[in-house]
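# Residue-level structural notes
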Amino acid sequence: MAEVVMAVHRGDASGGKPVEYTVPLAPGMVVLDALHYIQGHLSPDLAVRWNCKAGRCGSCSAEVNGKPRLTCKTRMDSLPSDKPITVLPLKAFPVIKDLVTDVKWNYEVNRKIPAFSPRPGTDWKMYQEDVERPQEFRKCIECFLCQDVCHVLRDHGKHAEYAGPRFFVRVAGLEMHPLDGLSRIKGMRNQMGIGLCNITKCCTEVCPEEIHITDNAIIALKERVVDQFYDPLVWIARKITGSDGR
Amino acid sequence: MAVSSGQAGLRNIEARVGLGATQRRDLWWVQPLAVFVGLAAFGIYATLRAFQGNFYQWGPYLSPFYSPLIDPEHHWWPLSPAVLVLGGPLGFRTTCYYYRKAYYRAFFLDPAACAVGEARHKYSGETKFPLILQNIHRYFFYLSFVFLVSLWRDAVRGFMWNGHFGAGVGSFVLLIDAALLTTYTFSCHSCRHMVGGNLDCFSCAKFGGTRLSLWKRVTSLNEHHMLIAWTSLFFVAFTDVYVMLVAMGKIQDLRLF
Ligand code: SF4
Ligand code: SF4
Ligand code: FES
Ligand code: FES
């Protein structure tokens, strides 16, 4: 039977190193299967977070051969087997054990976003043409791969002043909601740090749900920030017409 | 089944810090390198040609670098006329969302590619001077219409030979150039925002239906913004090369009718 060597990070907050395991290949196998094989046969204390094994729950995120991926959606036969396949934990978040990272910072950011608030006197009727844009953003499975790859968090560690692509997606979904009555644009600029994003599109490249994060969420929000803060013409037009342009 | 302790070193999690540090095994550096070469080549060529101030006109053809043509006789402007109009298209492209991505990656290595480490530096994204100026992109979008009008006028003139309708290969080169630059302008993200992207509810807004269909059209172009950006960039240079070579007498423009 064909075999492959996996170099899997082992360790905790105090440090760690990759450990190599030889794993037999089976048809249709994904990286998560290989990790389960290691857990079942070679090292029962390997810590891996997973839940659905179907690309729905977003728990099994890791870096496979240097790329942020869902391990349950990464087929072994898509990876070169001549060298050990590396599986490392997400870089943007602290390691708890082995491949499991502490992603609670994300939930803290999420809590700061003002929730959906219907306009006063809302008529609870929505048309498909109006909900199409927010619908794309609802596909997010909170795998945090985009957060991991985003260099603002990954390399520059701006967790204190930046919300990250996952939450730009959430805010874009709320801002474009046809029945929502709040504006979160000021917060986007002042607290959530959308100006720190330099639209280099890595979030879009890794999103397993293929959400067009940069084009449809981030740039759309940046343009709304411009409307509110950097465009005197829009500002004058809104004063004259008394409209909020939405 | 062998269980061995791997060599730490390269595959360690700490090894993901620092310029170029990555565990990626693919040729991640090819794309930034290609973009670097492409943009640098265009930048150098365009600068040389713009300052040259010669061989930009032949018969009914005018190079797009010199459009609109202002003070070619040097009554009040001593330098090449291209220098006067360069700022518009240059500003439009430099603040373009696609080119920003391209040069942040290829020139600033910020990041060079996804999940590839960066050199340690103070990072402020687009929140401080000068990069905060990227926010004025839409003003360059407005300005670009002045240039489009001028380019279409040149394209039409490219078919006028001493008052008679006619066409050479160059007439079509100029026409395609104007068409590509128009497509580039209409595939712009700011354009997409202004025609409809800024609405939350199409069905409740004034002219909502029209704006929705405009937004959809611009969106379908916008999805190919990168491709259109490169094609139009390449073709502007090609058009200029064509006019230059014809003006220098190095090649002959084929008269079609
Ligand atoms: S486009 Fe912005 S949010 Fe997405 S990875 Fe790049 S810097 Fe981060
Ligand atoms: S936007 Fe995509 S990559 Fe980011 S958390 Fe959601 S599903 Fe994952
Ligand atoms: S295990 Fe649920 S997404 Fe991979
Ligand atoms: S976004 Fe590229 S031209 Fe506006």
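Residues numbered from 1 in each chain as written. Chains lettered and ligands numbered in written order. Predicted model: local features only at pLDDT ≥ 70, side-chain atom pairs only at ≥ 80, totals over all residues. Heavy atoms only, no water.

## Focus: the site of ligand 1
Residues and elements named next belong to chain A. This is how the line gets drawn: A cutoff of 4 Å decides nearness: a residue is near a molecule or strand if any of its heavy atoms lies inside that distance of it. The helix and strand labels rest on DSSP assignments: H or I over at least four residues marks a helix, E over at least two residues marks a strand, and numbering proceeds from the N terminus. Just so you know the grouping, Ala, Val, Leu, Ile, Met, Phe, Trp, Tyr, Cys and Pro go in nonpolar, Asp, Glu, Lys and Arg go in charged, and all remaining residues, Gly too, go in polar.
Neighbouring ligand 1 are 13 residues; Cys-150, Cys-197, Thr-200, Lys-201 and Cys-203 lie closest to it. Looking at the shell around ligand 1, the elements with two or more residues in it are α8 (202-206) and α9 (213-229). The class makeup of the residues in the shell around ligand 1 is eight nonpolar, four polar and one charged.

## Re the nonpolar core
The condition is simple: Buried Ala, Val, Leu, Ile, Met, Phe, Trp, Tyr and Cys residues that are joined via side-chain atoms within 4.5 Å together make up what is termed a nonpolar core. Each residue is assigned to one of three classes by its accessible area relative to the maximum for its type, calculated with a 1.4 Å probe on protein chains only: buried under 20%, partly exposed between the two thresholds, exposed over 50%. The contact criterion used is simple: two residues touch if any of their non-hydrogen atoms lie within 4.5 Å.
Judged by nonpolar contacts, the single largest core of 76 residues is most densely connected at Met-6, Val-8, Leu-35, Ile-38, Met-76 and Phe-168 of chain A. Residues in contact with Leu-35 of chain A, not counting those within four places in the same chain, are Val-8, Leu-46, Val-48, Thr-71, Val-87 and Leu-99 of chain A.

## With respect to the packing of aromatic side chains
Residue and element names in this part refer to chain B. Defined as follows: For this analysis, a ring pair means two rings from Phe, Tyr or Trp (six-membered ring only for Trp) whose centres lie within 6.5 Å, classed as stacked if their planes differ by under 30 degrees, edge-to-face if by over 60, and tilted for the remaining angles.
A complete count under the given rule lists 31 aromatic pairs over all chains for this structure. Here Tyr-103 and Tyr-104 contribute two aromatic rings whose centre-to-centre distance is 5.3 Å and whose plane-to-plane angle is 65 degrees, an arrangement assigned as edge-to-face. The residues Tyr-103 and Tyr-104 share a single accessibility class, namely buried. Centroid distance Phe-159 to Phe-172: 5.3 Å. Interplanar angle 90 degrees. Geometry classified as edge-to-face. Placement of Phe-159 in the loop between α5 (137-157) and β4 (160-161) and of Phe-172 in helix α6 (residues 169-186) is noted, with a sequence separation of 13 residues between them.

## Quick look at the pattern of salt bridges
All names here are of chain A. Put simply, the test is: Whenever a carboxyl oxygen of Asp or Glu lies within 4 Å of a side-chain nitrogen of Lys or Arg, that contact is scored as a salt bridge.
In this structure the tally under the stated criterion is 25 salt bridges over all chains. Close ionic contact of Arg-75 with Asp-77 constitutes a salt bridge, the shortest N to O distance being 3.1 Å. Glu-142 serves as the salt-bridge partner of Arg-166, at 2.6 Å between the closest nitrogen and oxygen. Remark: Glu-142 occurs in the loop between α3 (128-137) and α4 (145-149) and Arg-166 occurs in helix α6 (residues 165-175); sequence separation between them is 24 residues. Among the residues examined, Arg-166 registers a relative accessible area of 9% and is labelled buried.

## Describing the pairing of strand β4 (residues 67-70) of chain A
All names here are of chain A. This is how the line gets drawn: Between any two strands, at least two bridges found by DSSP are needed for them to pair.
Judged by which residues are buried, β4 turns out to be one-sided: Pro-68 and Leu-70 face inward and are buried, whereas Lys-67 and Arg-69, on the alternate face, are not. Examined bridge by bridge, strand β3 (residues 61-64) and β4 share four bridges and lie antiparallel to one another. Within β4, the residue paired with Glu-63 across the bridge is Pro-68. Between β3 and β4, which pair antiparallel and follow one another directly, the connecting turn spans two residues, one of which, Asn-65, has a positive phi of 45 degrees.

## Here's the deal with the domain arrangement of chain A
As a measure of interface size, the accessible area lost when the parts come together is often cited. Residue and element names in this part refer to chain A. Selection criterion: As used throughout, domain bounds are those supplied by an automatic or database domain assignment. Once two parts are joined, some of their accessible surface, as seen by a 1.4 Å probe, is lost; buried area is that loss totalled over both. Any pair of nitrogen or oxygen atoms within 3.5 Å is treated as a polar contact; in protein, a donor-acceptor pairing is required on top of that, and neighbouring residues in sequence qualify only through side-chain atoms on both sides.
Examined at the domain level, chain A breaks down into domain 1 (3-100) and domain 2 (104-241). Computed over C-alpha atoms, the centres of domain 1 and domain 2 are 31 Å apart. On the domain 2 side, the residues contacting the 15 residues of domain 1 number 17 residues. Summed over both sides, the interface between domain 1 and domain 2 buries roughly 1,200 Å², with carbon and sulfur atoms accounting for 54% of that surface. There are two salt bridges connecting domain 1 and domain 2. Note that Arg-56 and Glu-209 form a salt bridge whose closest N and O atoms lie 3.0 Å from each other. In this assembly, domain 1 and domain 2 are joined by eight residue pairs in polar contact (both at pLDDT 80 or more).

## A word on the pairing of strand β1 (residues 3-12) of chain A
Looking along a regular strand, one sees side chains alternate from face to face of the sheet. Residue and element names in this part refer to chain A. Burial analysis of β1 places seven of its 10 residues in the buried class, the great majority of the element. Both β1 and strand β2 (residues 15-24) contribute to a ladder of 10 bridges, which runs antiparallel. Across the sheet, the residue bridging to Val-8 is Val-19, located in β2. Judged from the three bridges that link them, β1 and strand β5 (residues 85-88) form a sheet pairing that is parallel. Within the sheet, the bridge partner assigned to Val-8 lies in β5 and is Val-87.

## Side note on the interface of chain A and chain B
With 69 residues of chain A in contact, the opposing surface of chain B contributes 55 residues. Three residues stand out in chain A for area buried against chain B, namely Glu-20, Arg-133 and Glu-223 of chain A, and they jointly supply 11% of the buried area on that side. Applying the counting rule to chain A against chain B returns eight salt bridges. Asp-231 of chain A is the partner of Arg-138 of chain B in a salt bridge, and the nearest nitrogen-oxygen pair spans 2.7 Å. At the boundary of chain A and chain B, one finds 34 residue pairs in polar contact (both at pLDDT 80 or more). Of all the elements, α9 of chain A adds the most residues to the side of chain A that touches chain B, at nine residues. Within the side of chain A that touches chain B, the residues separate by chemical class into 31 nonpolar, 14 polar and 24 charged.

## So, unusual backbone geometry
Residue and element names in this part refer to chain B. Across the junction of Ser-67 and Pro-68, the peptide omega takes the value -5 degrees, indicating a cis bond. In this structure, Pro-68 sits in the loop between β3 (61-62) and α2 (81-85). Cis geometry marks the peptide bond from Phe-129 to Pro-130; its omega dihedral reads 0 degrees. Relative to the helices and strands, Pro-130 resides in the loop between α4 (97-106) and α5. The phi torsion at Ala-115 lies on the positive side, around 60 degrees, for a residue other than glycine. Following the sequence through the fold, Ala-115 ends up in the loop between α4 and α5.

## What about the environment of Phe-55 of chain B?
Residues and elements named next belong to chain B. By the secondary structure assignment, Phe-55 is in the loop between α1 (30-52) and β2 (57-58). Through-space distance from the C-alpha of Phe-55 to that of Asp-240 is 9.3 Å; in sequence the pair is 185 residues apart. With near-sequence residues (within four places) excluded, Phe-55 lies in contact with Arg-49, Val-243, Met-244, Ala-247 and Met-248.

## What to know about the confidence of the model for chain B
Low pLDDT means the predicted atomic positions in that stretch should not be read closely. All names here are of chain B. The criterion, for reference: Confidence of the predictor in every single residue is expressed as pLDDT, which spans 0 to 100.
Averaged over every residue, the pLDDT of chain B is 94; residues scoring 70 or more account for 96%. Counted against residues more than four places away or in other chains, residues 1-9, with its pLDDT under 50, gives 25 contacts. We note a pTM of 0.95 for the whole complex and an ipTM of 0.94 for its interfaces.

## Some details on the site of ligand 2
Taken together, Cys-140, Ile-141, Glu-142, Cys-143, Phe-144, Cys-146, Arg-166, Cys-207, Pro-208, Ile-211 and Ile-213 of chain A make up the full set of residues adjacent to ligand 2. Grouping the amino acids of the shell around ligand 2 by side-chain chemistry returns nine nonpolar, no polar and two charged.

## A few points about a nonpolar patch on the surface
Residues and elements named next belong to chain B. Formally: Patch membership requires over 30% relative accessible area and the absence of a salt bridge. Like charges are linked within 9 Å, and nonpolar side chains (Val, Leu, Ile, Met, Phe, Trp, Tyr) within 5 Å. In this description, accessible areas are obtained by the Shrake-Rupley approach with a 1.4 Å probe, and a residue is regarded as covered only by the protein chains that are shown.
A surface patch of nonpolar side chains, amounting to about 850 Å² of accessible area, comprises Trp-152, Met-160, Phe-165, Phe-172, Leu-175, Ile-176, Leu-254, Leu-256 and Phe-257. With three residues, α6 is the largest single contributor of residues to the nonpolar patch. Relative to the helices and strands, Phe-165 resides in strand β5 (residues 164-165).

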